[in-house]
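Residues per chain, in single letters:
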Amino acid sequence: ASSAASDVYKRQIPDILAAYRSLAAEYDILVIEGAGSPAEINLKKDDIVNMGMAALADCPVLLCGDIDRGGVFASLYGTVALLEPEEQARIQGLVINKFRGDKAILDPGLTMLEELTGKKVVGVVPYLPLDLDDEDSLTDRFQRPAQRGLVDIAVIRLPRISNFTDFNPLACLEQVSPVSYTHLT
């Protein structure tokens, strides 16, 4: 980030901490979800959403990896390896998400991952076909074939689409075709 962008991020820290402290005073447990990888070393100096936020809030971290995309062992190991020692110390456990199949086949890899990172794998979450909002632009909804219903909804797919999931609840209606995403040409 540029120096000007860095200054903007730093000016937001008091507001972020005020919001965090307000929530912490009201609730016993807060779950703070990061955005993307905490090991984006080119962005770390201005990080206010991943390990930077964990440091600001002085909170423990569970590092989650998505096995559905492949390379989960390399992803988790590489992430831990790229973190600074004080960031590594915040990690209280590793979680593998969206696992399909027989966990016994995964177990040798979990043991090796624990040995390599020094971090315990605290959970393997099975894949569940839930109708949850997708992460911006990381979705299979763009590739789904359009089916016809009484009502068709099309969303223009911009190169840096964000919040496209706002239309997904409409697709749950019986008469509505699945939402289609169309490129501008």
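Numbering of residues begins from 1 in every chain and follows the order in which that chain's sequence is written. Predicted model: local features are reported for residues with pLDDT of at least 70 only, side-chain atom pairs are reported and counted for 80 or more only, and whole-chain, interface and lining totals are derived from all residues. Hydrogen atoms and water are omitted, and side-chain values are computed over all heavy atoms in the structure.

So what's going on with the overall build of the protein? Residues and values would help.
Looking only at helices and strands, the protein features five helices and five strands. Across the protein, helices and strands are ordered from the amino to the carboxyl terminus as α-α-β-α-α-β-α-β-β-β. Throughout, exposure labels follow a simple rule: accessible area from a 1.4 Å probe, protein chains only, divided by the maximum for the residue type, with under 20% read as buried, over 50% as exposed, and the rest as partly exposed. When burial is assessed residue by residue, the protein has 28% of its 185 residues classed as buried. Only heavy atoms enter the contact rule, under which two residues are in contact if any of them lie within 4.5 Å. Summarising the internal contacts of the protein: among those between residues at least 6 apart in sequence, 69% fall at separations of at least 24. Throughout, the Shrake-Rupley method with a 1.4 Å probe supplies accessible areas, and for residues the shown protein chains are the sole cover considered. Carbon and sulfur atoms provide 56% of the accessible area of the protein, an area that totals close to 12600 Å². What counts as a helix is a DSSP run of H or I of at least four residues, what counts as a strand is a run of E of at least two, and both are numbered from the N terminus.

I'd like a rundown of the nonpolar core, residues and numbers included.
For this analysis, a nonpolar core means a set of buried residues of the types Ala, Val, Leu, Ile, Met, Phe, Trp, Tyr and Cys, connected via side-chain atoms within 4.5 Å. Counting residues in hydrophobic clusters, the biggest one holds 19 residues, and the most contacted among them are Leu63, Leu76, Ile91 and Leu94. Only helix H2 (51–57), strand E1 (61–66), helix H3 (72–82), strand E2 (91–99) and helix H5 (103–117) provide two or more residues apiece to this core. Beyond its immediate chain neighbours, meaning those up to four positions away, leucine 63 contacts Pro38, Leu76, Thr79, Val80, Ile91, Gly93, Leu94 and Val95.

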